[in-house]
Amino acid sequence: MSNTNIRVRFAPSPTGPLHIGGVRTALYNYLFAKKNGGKMILRIEDTDSNRFVPGAEAYIIEALTWLGIRFDEGIANGAATCRQSERKPIYRKYVDQLLQDGHAYIAFDTPEELEAKRQSTPNFQYDARTRGDMVNSLTLSKEEVQTRLDRGDNYVVRILIEPGRDITVDDLIRGQVTINSNILDDKVLYKSADNLPTYHLANIVDDHLMEISHVIRGEEWLPSAPLHVLLYRYLGWEDSMPRFAHLPLLLKPEGNGKLSKRDGDRLGFPVFPLDWTDPKTGEKSSGYREAGYFPEAVVNFLALLGWHATDDKEFFTMDELIREFSLDRVSKSGAKFDYEKGKWFNHQYLMNKSAEELYPHVQHILEEHGVDAPKQQVLTAIDLTKGRCTFVADFWEHMHFFFVAPQTYDEKTRQKRWKEDSPREMRELYTVLEGIDDFSIEHSEQTVMAWINAQGYHTGNIMNAFRLCIVGEGKGPHMFDITSLIGKEETLRRLKKAIETLS
RNA sequence: GGCGCAUUCGUCUAGGGGUCUAGGACGCCGCCCUCUCACGGCGGAAACCCGGGUUCGAAUCCCGGUUGCGCUACCA
């Protein structure tokens, strides 16, 4: 399917690291675009110079690249100006047009004056009821306005909302949403202090100029969508207005509210794709990548938080998501963030990877622990233990005994598994093992089992004590998988030492 | 407070008038496998927010309420 008219954008603000909810928005935009053969555009909405954070833009691009979300146009591939701060003249033109057409006006009220007004007037709103009491081009004489402009007074341009009109937004996910313009205030569109538009104006102008066909964004924008519709109308662009789709929000795992940065810190899981250090405060936040997640697992997990396929399928590659994604299968209600399920997804992806794929990661971990083992041995160890790992970092905990003899013996396991007869049985086992030439899994198991049966021993007693001797604790793969991998010599050495230490 | 959106197991969700004694997944519990821990298999507990309608029939449609969330900035 190909439709070159489909164009979506992801338009984050560079005010900090990209939140995981933002990542999901980017993902849904990407899936929708690719599904329909359309284009995905990156636009940086840096119209608030006060909140700009250095490094945030690079972070956003790196994070989405890591996850496999690619842009067709935008800064990520060196295209022209997609930073709003670099498009000042463009916005100015439309501000003038709005002013000209009487859809906007100039206001001189200072932030302090507005604040005072809000303090003194309950539920103060700058609108048709109150604008007549304020300092603006509607209440001031033409000359006075000019005088103020000439002497360089700071001003803002506000949209002129006509009261008493019903405004309807057609949302692809929620259907028709209608509000009355009475509840809208005369939003600031433009500020002379930095010659920048605010979000609302810049957003509409850019979406129009970039020929965006679908605006897919978080539900927090739904209340201002009518304002945006009005802006399209006032600018004469209503006919080519994009379709809207407001996505449900990602909520805190417990309690109430939108998922926030603090939740990650408090509950101990990342809410960001990548690690991030705040340039001002030095505060660190952890990311999924550094926590050991596979990007495919994060994408899969995130895709299912608010969207569901037509069947019960749960595992999707990016290509499969693209093939099956559709906006009408996006849920309407917010999704609580379930970190346990996220871990489960990673576990599944890890188990499905081959030892060869996992090898570089594991090799790195082994090196950190000063282990230098033959590749084949490591590959076998990976296959034997990957079912026990959620993250790559878990491998050491589950495979260290393949490479390093136990220094201590777990006390709980010892109490449970080291019986009165164990020293004698282990000494006998030592002799049995010593006599085995072929230390393969099959042969050693056969020999030892034959001995156990001949002596009338209890298999569990023998094997568990044996495990304590070789592993140092009560877990791990089957014993002969371990012994055959570490070899006869090492097995005997560990057994001997354990008998001496534990007896 | 005002406005808007939402409301199915603890969580993510399927469901779009009869097929629902409501399905799947995570988590939880039990059993099996078994030398342990896992993996795997099998099974279990667990939900239609409430009240009115409409209809022969409602989880599904309508209205009201509850509760949750969002917005209400010269932030996005």
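Please refer to the structure placed before this passage.
Each value, and the rule that gives it
- Residues numbered from 1 in each chain as written.
- Chains lettered and ligands numbered in written order.
- Predicted model: local features only at pLDDT ≥ 70, side-chain atom pairs only at ≥ 80, totals over all residues.
- Heavy atoms only, no water.
- Pairing = 2+ DSSP bridges.
- Helix = DSSP H or I, 4+ residues; strand = E, 2+ residues; numbered from the N terminus.
- Buried < 20%, exposed > 50% of the residue type's maximum accessible area, 1.4 Å probe, protein only.
- Axes fitted to C-alpha atoms, helices over the stretch in contact; angles between N-to-C directions.
- Parallel < 35°, antiparallel > 145°, perpendicular 65-115°, else oblique.
- Left-handed = near helix turned anticlockwise from the far one by under 90°.
- Contact = heavy atoms within 4.5 Å.
- Nonpolar A, V, L, I, M, F, W, Y, C, P; charged D, E, K, R; others polar.
- Right-handed = clockwise from strand over helix to strand, strands pointing away.
- Polar contact = N/O pair within 3.5 Å; in protein donor to acceptor, adjacent residues only side chain to side chain.
- Patch = residues over 30% accessible without salt bridge, like charges linked within 9 Å, V, L, I, M, F, W, Y side chains within 5 Å.
- Areas by Shrake-Rupley, 256 points an atom, 1.4 Å probe, with all protein chains shown as cover.
- Salt bridge = Lys/Arg side-chain N within 4 Å of Asp/Glu carboxyl O.
- Lys, Arg positive; Asp, Glu negative; His and termini not counted.
- Charge placed at Lys NZ, Arg CZ, Asp CG, Glu CD.
- Phe/Tyr/Trp six-rings, centres within 6.5 Å; stacked < 30°, edge-to-face > 60°.
- Core = buried A, V, L, I, M, F, W, Y, C linked by side-chain atoms within 4.5 Å.

S.K.: Looking at this model, I keep getting lost on the sheet that holds strand β4 (residues 156-159). Mind explaining?
M.R.: Within a beta sheet, neighbouring strands are joined by backbone hydrogen bonds and run either parallel or antiparallel to one another. Within the open sheet, the 4 strands sit side by side as β3-β4-β7-β8. Their pairing is antiparallel. Each having just a single partner strand, β3 (104-107) and β8 (196-197) make up the two edges of the open sheet. By the bridge criterion, 3 bridges tie β4 to strand β7 (residues 188-191) in an arrangement that is antiparallel. Bridging across to β7, Arg-158 finds its partner in Val-188.

S.K.: Is there a simple way to explain unusual backbone geometry in this structure?
M.R.: Glycine aside, a negative phi is what most residues show, and trans is what most peptide bonds show. Notably, Asn-123 is not glycine yet its phi reads approximately 55°, a positive angle. Its place among the elements puts Asn-123 in the loop between α4 (111-120) and α5 (142-150). With a relative accessible area of 72%, Asn-123 lands in the exposed category. Of note, the phi angle at Asn-195 is positive, near 55°, even though the residue is not glycine. Following the sequence through the fold, Asn-195 ends up in the loop between β7 and β8.

S.K.: Can you help me understand the pairing of β4 in this one?
M.R.: The two faces of the sheet receive side chains in turn, since in a regular strand these alternate between them. Alternating positions in β4 separate into two faces, Val-156 and Arg-158 on one and Val-157 and Ile-159 on the other, with burial throughout. Bridge analysis of β3 against β4 gives 4 bridges, and the strand direction is antiparallel. By the bridge assignment for β4, Ala-107 is matched with Val-156.

S.K.: I tried to follow the packing of helix α14 (residues 375-385) against helix α15 (residues 395-403) on my own but got confused; where do I start?
M.R.: A pair of packed helices can be characterised by two numbers: the angle between their axes and the separation between those axes. Contact geometry for α14 and α15: axes closest at 10 Å, N-to-C directions at 130°. As summarised for this structure, α14 and α15 are arranged oblique, according to the angle between their axes. Crossing handedness for the pair α14 and α15: right-handed. Where α14 abuts α15, its residues Gln-377, Val-378, Ala-381, Ile-382, Leu-384 and Thr-385 lie against Phe-395, His-398, Met-399, Phe-402 and Phe-403. Taken together, the residues of the contact of α14 with α15 sort by class into 8 nonpolar, 3 polar and no charged.

S.K.: Just to check I follow, could you spell out the pairing of strand β10 (residues 243-247) for this structure?
M.R.: With 4 of 5 residues buried, β10 lies mostly within the body of the structure. In this region the chain leaves strand β9 (residues 214-218), passes through helix α7 (residues 225-234) and returns to the parallel neighbour β10; the handedness of that crossover is right-handed.

S.K.: What is the right way to read α14 from this model?
M.R.: An α-helical turn contains 3.6 residues, so a residue and the one three or four places further along point in the same direction. Every buried residue of α14 is accounted for by Gln-377, Val-378, Leu-379, Ala-381, Ile-382 and Thr-385. At its buried positions, α14 is contacted by α13 (355-368), α15 and α20 (479-502).

S.K.: Whenever I open this one, the side chain of Ser-444 confuses me. Can you help?
M.R.: Within the fold, Ser-444 resides in helix α18 (residues 441-455). At a separation of 2.5 Å, a polar atom in the side chain of Ser-444 contacts the main-chain carbonyl oxygen of Ser-440. Among residues more than four places away in sequence, those in contact with Ser-444 are Ile-436, Asp-438, Phe-439 and Phe-480.

S.K.: Teacher, can you tell me more about a negative patch on the surface here?
M.R.: Together, Asp-437, Asp-438, Glu-442 and Glu-445 line one region of the surface with negative charge. Looking at the secondary structure, you find Asp-438 in the loop between α17 (422-434) and α18. A residue is classified by how much of its surface remains accessible, and Asp-438, at 39% relative accessible area, is partly exposed.

S.K.: Looking at this model, I keep getting lost on the packing of aromatic side chains. Mind explaining?
M.R.: A ring pair, where both rings are aromatic, is described by two values, the distance of the centres and the angle of the planes. Using the criterion set out here, one finds 24 aromatic pairs in the structure. Ring centres 6.3 Å apart and planes at 65° place the aromatic pair Phe-402 and Phe-403 in the edge-to-face group. Per residue, the accessibility class of Phe-402 equals that of Phe-403, and both read buried. Here a set of aromatic residues connected by ring pairs shows up, and it is made of Phe-269, Tyr-288, Tyr-293, Phe-301, Phe-315, Phe-337, Tyr-339, Trp-344, Phe-345, Tyr-349 and Phe-391.

S.K.: Would you explain the nonpolar core in this entry?
M.R.: One broad rule of soluble globular proteins: the nonpolar side chains tend to lie buried together. The biggest cluster of nonpolar side chains holds 154 residues, and the ones touching the most others in it are Phe-337, Met-426 and Phe-466. Take this core: its biggest share by element is 10 residues, from α20. Membership of the second largest hydrophobic core comes to 7 residues, among which are Leu-114, Phe-124, Tyr-126 and Met-134.

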